[in-house]
Amino acid sequence: MSRSTKLFETYKLGPITLANRLVMAPLTRNRAAPGSFVPSPLAAEYYGQRASAGLLITEASQVSQQGQGYQDTPGIYSKDQVAGWRKVTDKVHERGGKIFIQLWHVGRISHVDLQAGGAAPVAPSAIRAKGKTFVNGTFADVSEPRALELSEIPGIIDDFKRAAKNALEAGFDGVEIHGANGYLLEQFAKDGANKRTDAYGGSIENRARLMLEVSKAVATEAGADRTGIRISPVTPANDISDSNPQALYDHIVDGLSALKLVYLHVVEGATGGPRDVAPFDYASIRKRFAGAYVANNGYDFDLATKVLDANAADLIAFGKPFISNPDLVERLKQGAALNDWDKNTFYGGGAKGYTDYPTLAAEPAE
């Protein structure tokens, strides 16, 4: 029995046509080769298995070594990394899928052991986040950051730009800028982390500047119609906060819309937590944004159907269900039971809990 809903309709996203409105959200899995941070050979199989999603967004991938915050996350700044990602995009395309890579700079959510020469992580201001990162096989407190010099900011924008160029070379259909979850671009945007007094601090316009400048540089490189961005207006993830998120994000989204980005990927509420963590008018930013609105956080079939029917979103991102259900689209279509995920295999390891979850076709008939 196939369930009829907007979720399974095709959708035109810029120059590409998605087979359905399901998006696989970016999910950090910590399985890149240590030292080189090249996606593992298993990554091609993992993404390939999930190619029936309308759009796959890869795990966050650092744009430079400085941008890394957790052990064994893949990069998109070296030739070897580009070659590793090419195997992933080839596999996904071979199976009829579409895939964007998520571009990442963690800012202060890092550890000296991940930085060149044991340097301090960078941030808008020298304020240490209350939080942990995964490094040396365990969870450790993040390190004390240093404030970026004004003269260093163009280099960070260039790192994102180069990453976008590398992504196209690796065969990606587009890129998603990571502007969410308490990482660098959000650290600049939110006044809980940004106490600067220069052109990148103080007013909403100044704090939003880096996110918008990075977005412009990436869109210039990849094409605005192949550039999306992820934001999380009210998440407390990674010790991030802002005194007036509605005004901040109304401004940011106006700027992103003016750049003609192809989609806005919104974490509604607390990342991986309650959707109603703080009041926020998502309809306001949906109205302000000319491109597609991708809704994210705690969606299941019923909520996805309801939100699409109400025209409150264009695409729906699913996270953890995609980890344990490579054929999530088919299972939702049929109303079939979903596999449970194993939290112990989320971060690091090999094939177990990564490429070995069964599909419906592989399961014995009752």
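The rules behind the values
- Residues numbered from 1 in each chain as written.
- Predicted model: local features only at pLDDT ≥ 70, side-chain atom pairs only at ≥ 80, totals over all residues.
- Heavy atoms only, no water.
- UniProt positions renumbered as here; feature names shortened; annotations may be inferred.
- Helix = DSSP H or I, 4+ residues; strand = E, 2+ residues; numbered from the N terminus.
- Buried < 20%, exposed > 50% of the residue type's maximum accessible area, 1.4 Å probe, protein only.
- Pairing = 2+ DSSP bridges.
- Right-handed = clockwise from strand over helix to strand, strands pointing away.
- Phe/Tyr/Trp six-rings, centres within 6.5 Å; stacked < 30°, edge-to-face > 60°.
- Lys NZ or Arg CZ within 6 Å of the ring centre and 35° of its normal.

Per an unreviewed UniProt entry, the protein is named N-ethylmaleimide reductase, and its organism is Bradyrhizobium manausense. Turning to the protein, the UniProt annotation filed under Cofactor (unreviewed entry) states: "FMN". Per its UniProt entry, the protein bears the Sequence similarities (unreviewed entry) comment "Belongs to the NADH:flavin oxidoreductase/NADH oxidase family."

Turning our attention to the UniProt feature "domain: NADH:flavin oxidoreductase/NADH oxidase N-terminal" (unreviewed entry) in the protein. Under the present numbering, the feature "domain: NADH:flavin oxidoreductase/NADH oxidase N-terminal" (unreviewed entry) in UniProt falls on residues 6-339. For residues 6-339, the helix share is 33%, the strand share is 18%, and the end-to-end C-alpha distance is 23 Å.

Turning next to the pairing of strand 12 (residues 263-267). Across the 5 residues that make up strand 12, a large majority, 5, are buried. Every second residue of strand 12 is oriented toward a common face, with Tyr263, His265 and Val267 on one face and Leu264 and Val266 on the other, all of them buried. Of the strand pairs in this sheet, strand 11 (residues 227-231) and strand 12 are connected by 4 bridges, and their pairing is parallel. Residue pairing in the sheet places Ile229 in a bridge with Leu264 of strand 12. Assessed by its sense of winding, the connection that carries the chain from strand 11 through helix 6 (residues 245-258) to strand 12 is right-handed. Relative to strand 13 (residues 292-296), strand 12 runs parallel, the two being bridged by 5 bridges.

Let us now look at the packing of aromatic side chains. In total, this model carries 14 aromatic pairs according to the counting rule given. With centroids separated by 5.3 Å and ring planes inclined at 85°, the aromatic side chains of Trp104 and Tyr183 adopt a geometry described as edge-to-face. Of this pair, Trp104 sits in strand 5 (residues 99-104) while Tyr183 sits in the loop between strand 10 (174-179) and helix 4 (184-189), placing them 79 residues apart in sequence. Accessibility expressed as a relative area gives 8% for Tyr183, which makes it buried. Here the aromatic residues Tyr46, Tyr47, Trp85, Phe172 and Tyr354 are joined through ring pairs into a cluster of three or more. Between the NZ or CZ atom of Arg209 and the centre of the ring of Tyr200, over which it lies, the distance is 5.8 Å.

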